[in-house]
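Overview (structure and organization)
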Amino acid sequence: MNIDAMARKLKRYLPDTVSSDDLQQKAELACEILALKEEKNAVILAHNYMSPDLYYSIPDFTGDSLELSRKAAAADCDVIVFCGVAFMAETAKILSPDKTVLIPAEKAGCSLASGITAEDVRQLKARHPGVPAVTYINTYADVKAECDVCCTSGNAAKVVAALDSETVIFLPDEYLGRNVARQSGKRFIFPSKRPGAGDEDAPDGSRMIGWQARCEVHEQFTTADIARVRDEYPDVVVLAHPECPPEVVDAADYAGSTSAMIQYVEASAERRFLILTESAMCENVAAAMPDKEILPHCRIRCPHMARITLENTRDALKYGRYAVTVPEDIRRRAVHAVERMLAIG
Ligand code: 13P
Ligand code: SF4
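Report on the accompanying structure. (Residues numbered from 1 in each chain as written. Chains lettered and ligands numbered in written order. Predicted model: local features only at pLDDT ≥ 70, side-chain atom pairs only at ≥ 80, totals over all residues. Heavy atoms only, no water.)

**Re the sheet that holds strand β8 (residues 187-189)**
Threshold: When DSSP finds two or more bridges between two strands, those strands count as paired. A helix here means a DSSP run of H or I that spans at least four residues, while a strand means a run of E at least two residues long, and both kinds are numbered starting from the N terminus. Throughout, an axis means a line fitted to C-alpha atoms (over the contacting stretch in the case of helices), and angles, computed between N-to-C directions, take values from 0 to 180 degrees. Contact definition: two residues touch when any of their heavy atoms are within 4.5 Å.
Across the sheet, which stays open at both edges, the 5 strands sit in the order β6-β5-β7-β9-β8 with parallel pairing between neighbours. A single partner strand is all that each edge strand has here, and the edge strands are β6 (149-151) and β8. Neighbour to neighbour, the strand axes of the sheet diverge by 30° on average, direction disregarded. On the sheet, helix α9 (residues 174-184) packs against β5 (133-136), β7 (168-171), β8 and β9 (207-209) and is oriented at approximately 160° with respect to β8.

**Looking at unusual backbone geometry**
With an omega of -15°, the peptide bond between L171 and P172 qualifies as cis. Along the chain, R321 connects to Y322 via a cis peptide bond; the corresponding omega equals -5°. For D164, which is not a glycine, the phi torsion comes out positive at approximately 50°. When you line up the elements, D164 lands in the loop between α8 (156-163) and β7. The residue C298 is not glycine, and still its phi comes out positive at about 55°.

**Structural notes on the pairing of β5**
Keep this limit in mind: With a 1.4 Å probe rolled over the protein chains alone, any residue whose accessible area is under 20% of its type maximum counts as buried; one over 50% counts as exposed, and the rest are partly exposed.
The side-chain alternation of β5 yields two buried faces, one formed by A133 and T135 and the other by V134 and Y136. Alignment of β5 against β7, held across 3 bridges, turns out to be parallel. Bridge pairing links V134 to F170 in β7. Relative to β6, β5 is paired through 3 bridges, and the arrangement is parallel. Among the inter-strand pairings, V134 is bridged to a residue of β6, identified as V149.

From the geometry alone we can't say anything about function, so treat these as descriptive.
Now the structure itself:
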């Protein structure tokens, strides 16, 4: 695509407040990235939380964590550039160890992934021998290596059901765990501090032993936000990501992964939506569906996703940085959990 065509494309998706100089600069940058991508035989994967200038210009594929894991596993290229956070790029490396996987910003973290360590999982498993451990994909490779299977927001309930076990360990997102426990008919409990001291040791019922990490974006949404918006716009359809607190998911009309929410809005005959998730995705949906009104209320940007820009994606390809590495002994154990999830669906 030439620079003029790219500028025209970006104009369709970016707000009118972006000046023509800015538009031209972004178009030049995007075209430079596309040329480098060609030269390096690279594929660019971009999460739904990328900002509209990046999301609508350079990716080969966009999607949620599950879709991007599938693309990473199947990618036919030498280099994968992952426009997302570190655990996502790491998952791509786990699945494609022979490819160079680059993340444009080295420190693009995630409050869930940093909320648990491999040692935490080892201790939990030692206290619950034989109990399968499910890890949300928002964890680092050493945590995945200790777990039996991975899940994403798009398939968590299905993964838990596939284990066919009364008790499961579900890590590390407390709210996703609580939401999935309810779907799965399990009682959500926290691990006790020492063996025999808490209700995780009680023999009754179907239990999900959870953890206390939270997404720093989704934990901020409240039922008061929803009530306020419903008051002002009685016809609004409210969508929430399952990392939101359970009472927020309850008060919403639909909960699903980032891609599931996009598809919901696309397929809906309704006109007005409140999407309780990361703000760049709301902008992307609003830009792609001008016939729908995506309310600008309650918008929160993920500071980690926001680190990825067109500029550092260009530099990633130009200078081969930052290459993701996973020690082979950890990768070999972590890949089981990820592949098992992909096989479940
Ligand atoms: P999805 O898998 O639904 O895209 O979620 C990823 C994420 O980090 C949500 O905050
Ligand atoms: Fe992590 Fe939340 Fe950011 Fe997603 S939005 S990457 S879960 S901190």
